[in-house]
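# A look at the structure
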Amino acid sequence: MTSKNILKYIFIAAVIVLAGFALADALGYFNQKSYTKVSHGSHSHYVPHDRNPDVAINKFPREEPAPGEKITPTGQVVPAEE
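Note that the structure is predicted; figures quoted are calculated from it, not measured. (Residues numbered from 1 in each chain as written. Predicted model: local features only at pLDDT ≥ 70, side-chain atom pairs only at ≥ 80, totals over all residues. Heavy atoms only, no water.)

### Side note on helix α1 (residues 3–26)
What counts here: The secondary structure listing takes helices from DSSP runs of H or I that are at least 4 residues long and strands from runs of E that are at least 2 residues long, numbered from the N terminus. One less than the residue count of a helix, multiplied by 1.5 Å, gives the span that helix is expected to have.
Compared with an ideal rise of 1.5 Å per residue, which puts 24 residues at 34 Å, α1 spans 34 Å between its outermost C-alpha atoms and is within 8% of the ideal. The first or second residue beyond α1 is Gly28, which carries a positive phi of 85°.

In structure tokens form, the structure reads like this:
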């Protein structure tokens, strides 16, 4: 193989690895929080990962929970259990 071909394969491998990291980030793999910020028109709601699908998005808080608080699957902000 020529050095031009080797560089081409290294470039393709680097693009695949970067695309994999971008996909993992988009799917929330690196998210350490127990909730996700969801855009809802001109504002956002904070929705837990274990959200009850029967509860509308507008029932979830518009402000991020404080340290020591968590969001329940129904949208209530309660003290976190330790």
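Moving on from the coordinates now.
### A closer look at the side chain of His45
Quick note on the threshold: Any residue under 20% of the maximum accessible area for its type is buried, any over 50% is exposed, and the rest in between are partly exposed; the area is computed with a 1.4 Å probe on protein chains only. Polar contact is the term for a pair of N or O atoms within 3.5 Å; when the atoms are in protein, one must be able to donate a hydrogen and the other to accept it, and sequence-neighboring residues count only if both atoms are side-chain atoms. Contact criterion: two residues are considered in contact whenever any of their non-hydrogen atoms come within 4.5 Å of each other.
Looking at where His45 falls in the secondary structure, it is placed in strand β2 (residues 43–48). Given the relative accessible area of 3%, His45 is considered buried. From its side chain, His45 meets the backbone oxygen of Phe60 in a polar contact 2.7 Å long. Apart from the residues lying within four places of it in its own chain, the contact partners of His45 are Thr36, Lys37, Val38, His40, Ile57, Asn58, Phe60, Pro61 and Arg62.

### Observations concerning the confidence of the model for the protein chain
Basically, it comes down to this: Along the chain, pLDDT gives the predictor's confidence residue by residue, from 0 to 100.
With 99% of its residues at a pLDDT of at least 70, the protein chain reaches an overall mean of 89. The least confident element of the protein chain, judged by mean pLDDT, is strand β1 (residues 35–40) at 86; the most confident is α1 at 94.

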